[in-house]
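Here is what each chain is made of, one letter per residue.
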Amino acid sequence: MSELAETVMLGAAGLVILMALVVFYRVATGPTTQDRLIGVNVIGTSTVIVIVFIAAGLGRPEYIDIALVYALLNFLLSLAIARFTYHEGRVE
Amino acid sequence: MTVQTAVVIGLTVAAVFFTFVGAVGLLRLPDIYTRAHAAAKADTLGAGFAVAAAAVHFGVQYVVVKVLLLLVFIYITNPTASHAISRAAYLQDAPVWSRAEDGSGELISPRADEHRAETGVQSADGGETEP
């Protein structure tokens, strides 16, 4: 495959990592639990994007499996914590 | 530069752009609901373009099936997670940003109308005065 496209995708992976680090500000400051949860969700999706870019940029198709598993685990995490806070919040 | 390379680079740039939009929205918007909105839309689009770039880059291989499966999962799970988080926030009375009388923003309860209806107080704060 083309050298240029692979370089661009690896560079894009680096940029996405930088943006995930910026999003960590929202996870750290809140103010609500759900704000932090949204931030964690965005960081998880960014991780999936990074894995996909690395898989394509390094020409390693087997890395896509890791991205698949990571996407589904990330979804489970968000859903479970959202349900947890909701039941906790209903006890009034 | 072949057509394939150009398409891959274009899709990659679009993915980075939408991830950037999501990060900016998450940091700059005023309440949890708008943040969830920005993050979900931008992130789904960013992941979609990234996965599309990888699919075009790999060309005709069996791994493209897995890549498209990843796209389907992201498109199903990302909105679902955002919906669940926003719903949890609403049920917990997370404050919603609203335009105040003087034009500045303020954070109020999302169920302010419900509380008003329950207590029978008709907009004592003057928030509902229709012309």
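The residue count restarts for each chain, going from 1 along the sequence in the order it is written. Ligands are numbered from 1 and chains lettered from A, in the order in which they are written. Per-residue local features of the predicted model are confined to residues with pLDDT of at least 70, and side-chain atom pairs are confined, for both listing and counting, to 80 or more; whole-chain, interface and lining totals are unaffected and use all residues. Note that the side-chain values use all heavy atoms of the structure and ignore hydrogens as well as water.

## So, the overall build of chain A
Let me state the cut-off plainly: Runs of H or I in DSSP of at least four residues are treated as helices and runs of E of at least two as strands, each being numbered from the N terminus. Here the globule rule reads 2.2 Å times residues to the power 0.38, and the radius of gyration is calculated from C-alpha atoms. Summary of the burial criterion: residues with accessible area below 20% of their type's maximum are buried, those above 50% are exposed, and those between are partly exposed, where the area comes from a 1.4 Å probe applied to protein chains only. Whether two residues touch is decided by their heavy atoms; if any such pair falls within 4.5 Å, the residues are in contact.
The helix and strand tally for chain A stands at three helices and zero strands. For 92 residues, the compact-globule estimate of 2.2 N^0.38 gives 12 Å, and the C-alpha radius of gyration of chain A, at 16 Å, exceeds that figure by more than 25%. Along the first, second and third principal axes, the C-alpha atoms of chain A reach 60 × 25 × 10 Å. Counting the 92 residues in chain A, one finds 48% classified as buried. Taking all contacts inside chain A whose residues are at least 6 apart in sequence as the whole, residues at least 24 apart take part in 53%.

## Thoughts on the confidence of the model for chain B
Caution applies to low-pLDDT regions: their predicted coordinates should not be interpreted in detail. Residues and elements named next belong to chain B. To be explicit about the condition: pLDDT measures the predictor's confidence residue by residue and takes values from 0 up to 100.
Across chain B, the average pLDDT comes to 81, with 84% of residues at or above 70. Across chain B, the secondary-structure element scoring lowest on mean pLDDT is helix H4 (residues 112–119), at 64, and the one scoring highest is helix H1 (residues 3–28), at 89. Note on residues 123–131: pLDDT is under 50 here. Beyond four places in sequence and across chains, it has six contacts. With pTM at 0.82, the complex prediction returns an ipTM value of 0.83.

## A few points about the packing of helix H2 (residues 32–58) of chain B against helix H3 (residues 63–91) of chain B
Residue and element names in this part refer to chain B. As a reminder of what qualifies: Whenever a helix is involved, its axis is fitted only over the stretch in contact; in every case the axis is a line through C-alpha atoms, and angles between N-to-C directions fall within 0 to 180 degrees. Angles are sorted into four bins: roughly parallel if under 35 degrees, roughly antiparallel if over 145, roughly perpendicular if 65 to 115, and oblique for all others. Amino acids are sorted into nonpolar (Ala, Val, Leu, Ile, Met, Phe, Trp, Tyr, Cys and Pro), charged (Asp, Glu, Lys and Arg) and polar (every other residue, Gly among them).
Closest axis-to-axis distance for the H2/H3 pair is 9 Å, and the angle between their directions is 175°. As the angle between them shows, H2 and H3 are arranged roughly antiparallel. Of the residues in H3, those touching H2 at Ile 32, Tyr 33, Ala 36, Ala 40, Asp 43, Thr 44, Ala 47, Gly 48, Val 51, Ala 55 and Phe 58 are Val 63, Val 64, Val 67, Leu 70, Leu 71, Ile 74, Tyr 75, Asn 78, Ser 82, Ser 86, Ala 89 and Tyr 90. Classifying every residue of the contact of H2 with H3 by side-chain character gives 17 nonpolar, five polar and one charged.

## Considerations on the interface of chain A and chain B
Applicable threshold: Two parts lose some accessible area (1.4 Å probe) when they are put together, and adding that loss for both gives the buried area. Only one rule defines a salt bridge in this text: a Lys or Arg side-chain nitrogen within 4 Å of an Asp or Glu carboxyl oxygen. The definition of a polar contact used here is a pair of N or O atoms within 3.5 Å, where within protein one atom must be able to donate a hydrogen and the other to accept one, and adjacent residues in sequence count solely through side-chain atom pairs.
If you look at the interface, chain A gives 48 residues, while chain B gives 47 residues. Between chain A and chain B, the buried area comes to about 4,100 Å², and carbon and sulfur atoms account for 78% of it. Considering only the side of chain A, the residues that lose the most area to chain B are A:Met19, A:Gln34 and A:Ile38, jointly responsible for 14% of the buried surface there. The interface formed by chain A and chain B contains two salt bridges. Between A:Asp35 and B:Arg35 there is a salt bridge, with its nearest N and O atoms 2.6 Å apart. One can count six residue pairs in polar contact (both at pLDDT 80 or more) joining chain A with chain B. It is helix H2 (residues 33–57) of chain A that contributes the most residues to the side of chain A that touches chain B, 15 residues altogether. Considered class by class, the residues forming the side of chain A that touches chain B number 32 nonpolar, eleven polar and five charged.

## Thoughts on the packing of aromatic side chains
All names here are of chain B. Cut-off, in case you're wondering: Only rings of Phe, Tyr and Trp enter the pairing, Trp through its six-membered ring, and a pair is recorded when the two centres are within 6.5 Å. The plane angle decides the type: under 30 degrees is stacked, over 60 is edge-to-face, the rest tilted.
Enumeration over the complete set of coordinates arrives at two aromatic pairs over all chains. Measuring from centroid to centroid gives 5.3 Å for Phe 17 and Phe 18, while their planes differ by 70°, and the two rings are edge-to-face. Accessibility expressed as a relative area gives 23% for Phe 18, which makes it partly exposed. The structure contains a cluster of three or more aromatic residues connected by ring pairs, namely Phe 17, Phe 18 and Phe 49.

## Quick word on the UniProt feature "transmembrane region" (unreviewed entry) in chain B
All names here are of chain B. How we decide: UniProt positions are given in the numbering used here, feature names are shortened, and annotations may be inferred rather than shown by experiment.
UniProt marks residues 6–27 and 48–76 with the feature "transmembrane region" (unreviewed entry), using the numbering shown here. Counted over residues 6–27, helix gives 100% and strand 0%. Its end C-alpha atoms are 32 Å apart. Structurally, residues 48–76 comprises 86% helix and 0% strand, and the distance from its first C-alpha atom to its last is 12 Å.

## Remarks on the packing of H2(A) against H2(B)
In contact at an axis separation of 9 Å, H2(A) and H2(B) are set at 10° when each is read in the N-to-C sense. The pairing of H2(A) with H2(B) is recorded here as roughly parallel in orientation. For the contact of H2(A) with H2(B), the per-class residue count stands at 16 nonpolar, five polar and three charged.

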